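Spelled out, the chains give:
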Amino acid sequence: MLIPGPVNVPRSVAQNSTVIVNHRSEKFRGVVAQLEQLLKGAFFSSRVALLSGSGTLAVESMVFSLLKRGEKVIVLTYGEFSERLLDSVVKRGASPVVYRKPFGEIFSEDEIKEILDINKDATAIAFVHNETSTGMAFRNLRRVVGLAKDRGLKVLVDSVSGFGAYEIRVNDWNIDAVATGSQKALASVPGMGLVGLSEEGIRNLQDDAPNYLNLKLHLKFQDRRETPFTPAVGVFFSTLRATELLHQEGVERRWKRHEACARFVRSITSKAGFSLLGNESNFSNTVVAGSPPISPKSMIDELAKRGIEISGGMGELKDKIVRIGTLGMIDDRAVLRLRYALSDILKLDLNEVPTSDCKLPEVIAQEIDWDN
């Protein structure tokens, strides 16, 4: 699967998804404690809320737990998932001031500065870090966050498809909250939402969120090494194993692998005649998106015949582009297989090779079989 998630997972991660134990047992309490401790090291955060649900649950929990009703919130939208984030802010009862870019464009730092200057009475900003519907991202996340924090704003980042693929340091950058899901660059099975929080973010948690979306409630139970409701037990075991593998690879090394593999896919698809969205200043590390030299449907079908699954466009870009996922356990073997397939389909001589940064550590690579 070369789609924007879920992703292929290592054998040990898949096997752990079958583990079922009493969620009030000492064994499961140990998983809760160990998982949060390891994830804090990956988010570089003070706390990580562990939720049973998708990345969307993580985003909505972040929105409902950190924003107040009637609060003026700047929302930047530039794709399908940005619009979903906006919908959550609206449903929370906040007062969003919305700035939109057409799909395929993104905000510059100067534009963000101007937006912040115009809205001096805003108290928060919310945006998607990495937009898988367009294959674009805020590669300058640290600077964007800094602009908002310099003005005293709360910063809520939807990094469902970005966490694990880019440098993100919640505490050092003073981000209030970052939301993600287990089935993306973390390379676990679907079923967990995760929200990394700074100390300031923890202080900003509200009490009036619905119980299932209440991050303060989840953290209270995690202090006892428990969850407030029956969790997706097997997914906790899988995600613990996936997080162990993340640290085994090295968090910074994983950031580099995603960038290197995405660069390679961008290069070969450009040479193959794709018209790609984005540029070097804003390309995504987890999705390469653009119009192929044959129809999107034909490209999807031809790759499927060769055992490779990619995705079509979403929303305004439906039937106009294809999206190639470059996240999770993707490595040199996966992208070379894509290169061979594109060469065969388009009758081209694509002979470029990925850099060494696109490789997985051998001990982890052995758990992924890209031929099946």
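First things first, this report covers the structure right here in the doc.

Calculation notes
- Residues numbered from 1 in each chain as written.
- Predicted model: local features only at pLDDT ≥ 70, side-chain atom pairs only at ≥ 80, totals over all residues.
- Heavy atoms only, no water.
- Helix = DSSP H or I, 4+ residues; strand = E, 2+ residues; numbered from the N terminus.
- Contact = heavy atoms within 4.5 Å.
- Phe/Tyr/Trp six-rings, centres within 6.5 Å; stacked < 30°, edge-to-face > 60°.
- Buried < 20%, exposed > 50% of the residue type's maximum accessible area, 1.4 Å probe, protein only.
- Lys NZ or Arg CZ within 6 Å of the ring centre and 35° of its normal.
- Pairing = 2+ DSSP bridges.
- Disulfide = S-S within 2.5 Å.
- Axes fitted to C-alpha atoms, helices over the stretch in contact; angles between N-to-C directions.

Regarding the side chain of His258
Okay, step 1: Topologically, His258 is positioned in helix H11 (residues 251–271).
Okay, step 2: If we ignore the near neighbours within four places in the chain, the residues touching His258 are Gly164, Ala165, Ala185, Asn285, Thr286, Thr326, Leu327 and Gly328.

Comments concerning the packing of aromatic side chains
Okay, step 1: With the rule as written, the count across this model stands at seven aromatic pairs.
Okay, step 2: Centre to centre, the rings of Phe43 and Phe163 are 4.1 Å apart; their planes meet at 20°, and the pair counts as stacked. Of this pair, Phe43 sits in helix H2 (residues 26–43) while Phe163 sits in the loop between strand E7 (154–158) and helix H7 (170–173), and the two are 120 residues apart along the sequence.
Okay, step 3: Taken together, a centroid distance of 5.4 Å and an interplanar angle of 75° make the contact between Tyr78 and Phe138 edge-to-face. With Tyr78 in the loop between strand E2 (72–77) and helix H4 (80–92) and Phe138 in the loop between strand E6 (136–137) and helix H6 (141–150), the pair connects residues that are 60 residues apart, well separated along the chain.
Okay, step 4: Look at Tyr78 and you get buried, because its relative accessible area is 0%.
Okay, step 5: The exposure class assigned to Phe138 is buried, which follows from its relative accessible area of 1%.
Okay, step 6: Among the aromatic residues, those joined into a ring-pair cluster are Phe28, Phe236 and Phe237.
Okay, step 7: Directly above the ring of Phe283 sits Arg139, whose terminal nitrogen or CZ lies 4.0 Å from the centroid.
Okay, step 8: Over the face of the ring belonging to Phe221 we find Arg224, whose NZ or CZ atom lies 4.3 Å from the ring centre.

A closer look at the pairing of strand E4 (residues 124–128)
Okay, step 1: Counting buried residues along E4, five of its five residues qualify, which places the element largely inside the surrounding structure.
Okay, step 2: Both faces of E4 are covered, namely the face carrying Ala124, Ala126 and Val128 and the face carrying Ile125 and Phe127.
Okay, step 3: Direction of pairing for E2 relative to E4: parallel, over a ladder of four bridges. When the bridges of E4 are listed, Ile74 appears paired with Ile125.
Okay, step 4: Alignment of E4 against E7, held across five bridges, turns out to be parallel. Of the residues in E7, the one forming a bridge with Ile125 is Val155.

With respect to the state of the cysteines
Note on terminology: a disulfide is the covalent bond linking the sulfur atoms of two cysteines.
Okay, step 1: This model, assessed by the stated rule, comprises one disulfide.
Okay, step 2: Note on cysteine connectivity: Cys261 is disulfide-linked to Cys358, with sulfurs 2.0 Å apart. Measuring handedness by torsion sign, the sulfur bridge of Cys261 and Cys358 sits at about 110° and is right-handed. Residue Cys261 is located in helix H11, and its partner Cys358 is located in the loop between helix H13 (332–346) and helix H14 (362–365); the two are separated by 97 residues in the primary sequence.
Okay, step 3: The exposure class of Cys261 is buried, given its relative accessible area of 0%.

Comments concerning the sheet that holds strand E9 (residues 192–197)
Okay, step 1: Strand order in the open sheet made by the seven strands is E1-E9-E8-E7-E4-E2-E3, with mixed pairing throughout. Only two strands of the sheet have a single neighbouring strand rather than two, namely strand E1 (47–52) and strand E3 (95–100). Ignoring strand direction, the axes of neighbouring strands in this sheet form an average angle of 20°.
Okay, step 2: In terms of strand pairing, E2 meets E3 through six bridges, oriented parallel. Among the inter-strand pairings, Val73 is bridged to a residue of E3, identified as Pro96.
Okay, step 3: With respect to the sheet, H2 is in contact with E1, strand E8 (177–181) and E9, its orientation differing from that of E1 by roughly 125°.
Okay, step 4: Contacts between H4 and the sheet are confined to E2, E3, E4 and E7, with E2 contributing the most and set at about 165° to the helix.

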